[in-house]
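Chains, contacts and geometry: an overview
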Amino acid sequence: GQNIDQPTEMTATEGAIVQINCTYQTSGFNGLFWYQQHAGEAPTFLSYNVLDGLEEKGRFSSFLSRSKGYSYLLLKELQMKDSASYLCAVSSNDYKLSFGAGTTVTVRA
Amino acid sequence: NAGVMQNPRHLVRRRGQEARLRCSPMKGHSHVYWYRQLPEEGLKFMVYLQKENIIDESGMPKERFSAEFPKEGPSILRIQQVVRGDSAAYFCASSRPGQGATGELFFGEGSRLTVL
(Lines give C-alpha, C1' and ligand atoms only; values in the text may rest on other atoms or scores of the structure.)
Protein backbone atom coordinates (compact mmCIF):
# COMPACT_ATOMS: atom_id res chain seq x y z
CA GLY A 1 0.00 0.00 0.00
CA GLN A 2 0.90 3.65 -0.19
CA ASN A 3 1.20 6.10 2.68
CA ILE A 4 1.93 9.74 1.98
CA ASP A 5 1.98 12.33 4.74
CA GLN A 6 2.12 16.10 4.56
CA PRO A 7 0.98 18.85 6.93
CA THR A 8 -2.61 19.95 6.62
CA GLU A 9 -2.09 23.71 6.75
CA MET A 10 0.65 26.32 6.71
CA THR A 11 0.52 30.09 6.94
CA ALA A 12 3.21 32.53 5.86
CA THR A 13 3.68 36.20 5.11
CA GLU A 14 4.00 37.69 1.65
CA GLY A 15 7.65 37.75 0.59
CA ALA A 16 8.64 34.99 3.01
CA ILE A 17 9.74 31.39 2.39
CA VAL A 18 7.71 28.30 3.18
CA GLN A 19 8.82 24.67 3.13
CA ILE A 20 6.24 21.92 2.77
CA ASN A 21 7.46 18.50 3.85
CA CYS A 22 6.25 15.19 2.51
CA THR A 23 7.12 11.71 3.75
CA TYR A 24 6.13 8.58 1.94
CA GLN A 25 6.11 4.82 2.22
CA THR A 26 5.26 3.08 -1.03
CA SER A 27 5.55 -0.39 -2.49
CA GLY A 28 7.44 0.94 -5.50
CA PHE A 29 8.99 4.22 -6.53
CA ASN A 30 9.03 5.78 -9.96
CA GLY A 31 9.22 9.44 -9.00
CA LEU A 32 7.79 12.09 -6.70
CA PHE A 33 5.65 14.96 -7.90
CA TRP A 34 4.28 18.22 -6.57
CA TYR A 35 1.06 19.72 -7.85
CA GLN A 36 -0.60 23.04 -7.04
CA GLN A 37 -4.37 23.23 -6.75
CA HIS A 38 -6.34 26.43 -6.27
CA ALA A 39 -9.77 26.01 -4.75
CA GLY A 40 -12.25 24.72 -7.30
CA GLU A 41 -9.62 24.36 -10.00
CA ALA A 42 -7.56 21.64 -11.64
CA PRO A 43 -4.30 20.47 -10.08
CA THR A 44 -1.36 21.80 -12.09
CA PHE A 45 2.03 20.13 -12.32
CA LEU A 46 4.87 21.87 -10.47
CA SER A 47 7.81 19.49 -10.24
CA TYR A 48 9.12 15.97 -10.66
CA ASN A 49 12.02 14.34 -8.78
CA VAL A 50 13.28 10.85 -9.45
CA LEU A 51 16.91 11.25 -8.30
CA ASP A 52 18.11 12.53 -4.94
CA GLY A 53 18.78 16.21 -4.70
CA LEU A 54 17.32 19.60 -5.34
CA GLU A 55 15.47 20.69 -8.47
CA GLU A 56 15.04 24.43 -8.82
CA LYS A 57 12.48 26.10 -11.03
CA GLY A 58 12.13 29.81 -10.49
CA ARG A 59 10.66 30.59 -7.07
CA PHE A 60 9.83 26.92 -6.46
CA SER A 61 12.31 24.18 -5.59
CA SER A 62 11.75 20.53 -4.78
CA PHE A 63 14.05 18.19 -2.91
CA LEU A 64 14.10 14.39 -2.71
CA SER A 65 15.83 11.86 -0.50
CA ARG A 66 14.85 8.35 -1.56
CA SER A 67 16.65 6.64 1.32
CA LYS A 68 14.65 8.68 3.82
CA GLY A 69 11.36 8.60 1.91
CA TYR A 70 11.28 12.36 2.16
CA SER A 71 10.68 15.35 -0.05
CA TYR A 72 10.02 19.03 0.41
CA LEU A 73 8.67 21.82 -1.75
CA LEU A 74 10.21 25.22 -1.11
CA LEU A 75 8.32 28.33 -2.09
CA LYS A 76 10.35 31.53 -2.05
CA GLU A 77 9.31 35.19 -2.25
CA LEU A 78 5.75 34.23 -1.51
CA GLN A 79 3.01 36.03 -3.37
CA MET A 80 -0.68 36.21 -2.56
CA LYS A 81 -1.44 34.11 -5.63
CA ASP A 82 0.58 31.26 -4.08
CA SER A 83 -2.28 30.66 -1.63
CA ALA A 84 -3.40 27.20 -2.70
CA SER A 85 -3.27 23.54 -1.82
CA TYR A 86 0.01 21.76 -2.60
CA LEU A 87 -0.23 18.06 -3.34
CA CYS A 88 2.62 15.60 -2.92
CA ALA A 89 2.26 12.51 -5.12
CA VAL A 90 4.32 9.38 -5.64
CA SER A 91 4.31 7.15 -8.68
CA SER A 92 4.75 3.47 -7.96
CA ASN A 93 4.74 2.43 -11.61
CA ASP A 94 4.48 3.89 -15.06
CA TYR A 95 1.24 5.71 -14.59
CA LYS A 96 -0.42 5.50 -11.19
CA LEU A 97 -0.01 8.45 -8.83
CA SER A 98 -0.77 8.20 -5.12
CA PHE A 99 -1.53 11.60 -3.63
CA GLY A 100 -1.20 12.98 -0.13
CA ALA A 101 -4.15 14.87 1.30
CA GLY A 102 -2.56 18.19 0.39
CA THR A 103 -1.18 21.15 2.33
CA THR A 104 -3.22 24.34 2.29
CA VAL A 105 -0.90 27.32 2.22
CA THR A 106 -2.31 30.70 3.17
CA VAL A 107 -0.25 33.76 2.31
CA ARG A 108 -0.99 36.85 4.40
CA ALA A 109 -0.13 40.43 3.51
CA ASN B 1 -5.11 24.74 -27.49
CA ALA B 2 -7.87 23.44 -25.28
CA GLY B 3 -6.95 21.61 -22.11
CA VAL B 4 -8.70 18.63 -20.61
CA MET B 5 -12.41 19.31 -20.78
CA GLN B 6 -14.80 17.83 -18.26
CA ASN B 7 -18.54 18.13 -18.11
CA PRO B 8 -20.69 18.71 -16.33
CA ARG B 9 -18.78 20.84 -13.85
CA HIS B 10 -21.50 20.34 -11.28
CA LEU B 11 -24.04 17.55 -11.11
CA VAL B 12 -26.76 16.94 -8.57
CA ARG B 13 -28.42 13.55 -8.34
CA ARG B 14 -30.84 11.89 -5.95
CA ARG B 15 -30.01 8.56 -4.39
CA GLY B 16 -30.60 5.73 -6.83
CA GLN B 17 -30.13 7.81 -9.99
CA GLU B 18 -27.29 7.49 -12.48
CA ALA B 19 -24.43 9.93 -12.96
CA ARG B 20 -22.44 10.23 -16.18
CA LEU B 21 -19.27 12.28 -16.20
CA ARG B 22 -17.48 13.09 -19.44
CA CYS B 23 -13.87 13.85 -20.18
CA SER B 24 -12.26 14.94 -23.42
CA PRO B 25 -8.47 14.67 -23.22
CA MET B 26 -6.06 17.24 -24.54
CA LYS B 27 -5.40 17.13 -28.25
CA GLY B 28 -2.80 14.49 -29.00
CA HIS B 29 -3.35 12.64 -25.74
CA SER B 30 -4.55 9.07 -25.91
CA HIS B 31 -4.32 8.13 -22.25
CA VAL B 32 -7.00 9.06 -19.72
CA TYR B 33 -7.02 8.71 -15.95
CA TRP B 34 -9.87 9.23 -13.50
CA TYR B 35 -9.27 10.31 -9.91
CA ARG B 36 -11.74 10.96 -7.10
CA GLN B 37 -11.26 13.61 -4.43
CA LEU B 38 -13.30 13.44 -1.26
CA PRO B 39 -13.45 16.47 1.06
CA GLU B 40 -10.28 16.79 3.16
CA GLU B 41 -8.72 13.83 1.36
CA GLY B 42 -6.19 13.39 -1.41
CA LEU B 43 -6.89 12.44 -4.97
CA LYS B 44 -7.47 8.69 -5.26
CA PHE B 45 -6.68 6.82 -8.46
CA MET B 46 -9.68 5.09 -9.97
CA VAL B 47 -8.95 3.93 -13.50
CA TYR B 48 -6.52 4.27 -16.39
CA LEU B 49 -7.76 3.90 -19.94
CA GLN B 50 -6.49 4.04 -23.46
CA LYS B 51 -8.74 4.16 -26.48
CA GLU B 52 -11.10 1.15 -26.33
CA ASN B 53 -9.01 -0.41 -23.59
CA ILE B 54 -9.10 -0.41 -19.79
CA ILE B 55 -5.51 -0.73 -18.61
CA ASP B 56 -5.97 -0.58 -14.83
CA GLU B 57 -9.23 -0.30 -12.92
CA SER B 58 -7.85 -1.32 -9.55
CA GLY B 59 -9.15 1.87 -7.91
CA MET B 60 -12.71 1.46 -9.08
CA PRO B 61 -15.33 0.25 -6.60
CA LYS B 62 -16.39 -3.25 -7.57
CA GLU B 63 -20.03 -2.34 -8.07
CA ARG B 64 -21.96 0.50 -9.69
CA PHE B 65 -18.90 2.18 -11.23
CA SER B 66 -17.74 1.74 -14.81
CA ALA B 67 -15.56 3.65 -17.24
CA GLU B 68 -15.00 3.64 -20.94
CA PHE B 69 -12.95 5.47 -23.53
CA PRO B 70 -14.41 4.69 -26.95
CA LYS B 71 -12.65 5.05 -30.25
CA GLU B 72 -14.64 8.20 -30.92
CA GLY B 73 -15.85 10.64 -28.32
CA PRO B 74 -15.00 11.41 -24.70
CA SER B 75 -14.18 9.09 -21.87
CA ILE B 76 -17.16 8.46 -19.62
CA LEU B 77 -17.26 7.60 -15.94
CA ARG B 78 -20.62 6.12 -15.08
CA ILE B 79 -21.99 5.69 -11.58
CA GLN B 80 -25.20 3.73 -11.26
CA GLN B 81 -27.61 3.92 -8.32
CA VAL B 82 -25.68 6.71 -6.66
CA VAL B 83 -25.44 6.92 -2.88
CA ARG B 84 -24.53 9.88 -0.67
CA GLY B 85 -20.98 8.54 -0.26
CA ASP B 86 -20.41 9.07 -3.99
CA SER B 87 -20.51 12.83 -3.47
CA ALA B 88 -17.05 14.01 -4.46
CA ALA B 89 -15.05 15.82 -7.10
CA TYR B 90 -14.09 13.56 -9.98
CA PHE B 91 -11.02 14.64 -11.89
CA CYS B 92 -9.93 13.44 -15.27
CA ALA B 93 -6.34 13.70 -16.45
CA SER B 94 -4.68 12.91 -19.75
CA SER B 95 -1.19 12.31 -21.03
CA ARG B 96 0.69 11.31 -24.11
CA PRO B 97 1.86 7.69 -24.27
CA GLY B 98 4.76 7.12 -21.91
CA GLN B 99 4.53 10.48 -20.18
CA GLY B 100 2.27 9.48 -17.35
CA ALA B 101 5.30 8.18 -15.48
CA THR B 102 6.93 11.58 -15.36
CA GLY B 103 3.87 13.15 -13.83
CA GLU B 104 3.06 15.07 -16.95
CA LEU B 105 -0.58 14.63 -16.32
CA PHE B 106 -2.86 17.44 -17.34
CA PHE B 107 -5.94 17.62 -15.19
CA GLY B 108 -9.39 18.88 -16.03
CA GLU B 109 -11.21 21.17 -13.63
CA GLY B 110 -13.26 18.34 -12.26
CA SER B 111 -16.89 17.36 -12.05
CA ARG B 112 -18.45 17.89 -8.64
CA LEU B 113 -21.14 15.35 -7.90
CA THR B 114 -23.59 15.97 -5.10
CA VAL B 115 -25.97 13.20 -4.13
CA LEU B 116 -29.04 14.31 -2.21
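Structure's up top.
On a predicted model such as this, the values are computed, not experimentally measured, just so you know. Think of each chain on its own: its residues are numbered from 1, step by step along the sequence as written. To read the labels, note that chains go from A and ligands from 1, taken in the order they are written. Where local features are concerned, this predicted model is filtered to residues with pLDDT of at least 70; where side-chain atom pairs are given and counted, the filter is 80 or more; whole-chain, interface and lining totals use all residues. Calculation of side-chain values draws on the structure's entire complement of heavy atoms; hydrogens and water are dropped beforehand.

1. Here's the deal with the sheet that holds strand β8 (residues 75-79) of chain B
Residue and element names in this part refer to chain B. Pairing between strands requires that DSSP locate at least two bridges from one strand to the other. For the purposes of this entry, the term helix denotes a DSSP run of H or I that reaches at least four residues, the term strand denotes a run of E that reaches at least two, and both are numbered from the N terminus. The four strands are arranged β1-β3-β8-β7 in an open sheet whose pairing can be described as antiparallel. Each edge of the sheet is formed by a strand with only one pairing partner; in this case those strands are β1 (5-7) and β7 (65-68). Direction aside, neighbouring strands of the sheet carry axes that sit 15° apart on average. Where β1 lies against strand β3 (residues 19-24), three bridges are found, and the strand directions are antiparallel. Looking at β3, one finds that Gln-6 is bridged to Cys-23. Working convention: axes come from line fits to C-alpha atoms, limited for helices to the stretch in contact. Angles between N-to-C directions cover 0 to 180 degrees.

2. Regarding the sheet that holds strand β1 (residues 3-5) of chain A
All names here are of chain A. Judged by pairing direction, the sheet is antiparallel, and its five strands sit side by side in the order β1-β3-β8-β7-β6 without closing on themselves. The open sheet is flanked by β1 and β6 (53-57), the only strands paired with a single partner. For this sheet, the mean angle separating the axes of adjacent strands, direction not counted, is 15°. The pairing of strand β7 (residues 60-65) with strand β8 (residues 70-75) spans six bridges and is classified as antiparallel. When the sheet's bridge partners are listed, Leu-64 is paired in β8 with Ser-71.

3. Some points on the environment of B:Lys71
Mapped onto the elements of the fold, B:Lys71 is located in the loop between β7 and β8. In this structure, the C-alpha to C-alpha distance between B:Lys71 and B:Phe91, residues 20 residues apart in sequence, is 21 Å.

4. Looking at the layout of surface pockets
A cavity, in this analysis, means grid points on a 1 Å lattice covering only the protein atoms where a 1.4 Å probe fits yet has no way out; a pocket is instead an open set bounded by protein on both sides within 12 Å along at least five of seven lines, and a residue lines either one if it has an atom within 4 Å of a point. Grid points are joined across faces, edges and corners, and a volume is the space filled by probe spheres set on the points. Volume-wise, the largest pocket comes out at about 500 Å³. Lining the largest pocket are 21 residues; nearest its centre among them are A:Gln37, A:Ser85, A:Thr104, B:Gln37 and B:Glu40. Here the nonpolar group is Ala, Val, Leu, Ile, Met, Phe, Trp, Tyr, Cys and Pro; Asp, Glu, Lys and Arg are the charged ones; every other residue, Gly included, is treated as polar. Here the residues of the lining of the largest pocket sort into seven nonpolar, ten polar and four charged. Considered as a void within the structure, the second largest pocket measures approximately 170 Å³ in volume. A:Gln2, A:Ser98, A:Phe99, B:Leu43 and B:Lys44 are the residues nearest the centre of the second largest pocket, which is lined by 13 residues in total. Of all elements in the fold, only β1 and β10 (97-99) of chain A together with β5 (43-50) of chain B reach the threshold of two or more residues within the lining of the second largest pocket. A per-class count over the lining of the second largest pocket returns six nonpolar, five polar and two charged.

5. With respect to the side chain of A:Lys96
On the secondary structure map, A:Lys96 appears in the loop between β9 (84-91) and β10. Polar side-chain contacts of A:Lys96 include one of 3.3 Å to the side chain of B:Asp56. Residue contacts are counted whenever heavy atoms from the two residues lie within 4.5 Å of one another. If we ignore the near neighbours within four places in the chain, the residues touching A:Lys96 are A:Val90, A:Ser91, B:Tyr35, B:Phe45, B:Asp56 and B:Ser58. Contacts described as polar in this section are N or O atom pairs within 3.5 Å, which, within protein, must combine one atom able to donate a hydrogen with one able to accept it, while residues neighboring in sequence count only if both atoms come from side chains.

6. Comments concerning the state of the cysteines
Two cysteine sulfur atoms make up a disulfide if the distance between them is within 2.5 Å. According to the stated counting rule, one finds two disulfides over all chains in the structure shown. Disulfide pairing places A:Cys22 opposite A:Cys88 at an S-S distance of 2.0 Å. Looking down the S-S bond of the A:Cys22 and A:Cys88 bridge, the torsion is -70°, so its handedness is left-handed. One end of the pair, A:Cys22, is in strand β3 (residues 18-25); the other, A:Cys88, is in strand β9, with 66 residues separating them in the sequence. Neither residue differs from the other here; A:Cys22 and A:Cys88 are each classed as buried. Residue B:Cys23 pairs covalently with B:Cys92 via a disulfide, S to S 1.8 Å. Sign of the S-S torsion, about -60° for the bond between B:Cys23 and B:Cys92, identifies this disulfide as left-handed. The cut-offs for exposure are 20% and 50% of the maximum accessible area for each residue type, with area from a 1.4 Å probe on protein chains only; residues under the lower value are buried, those over the upper are exposed, and the others partly exposed.

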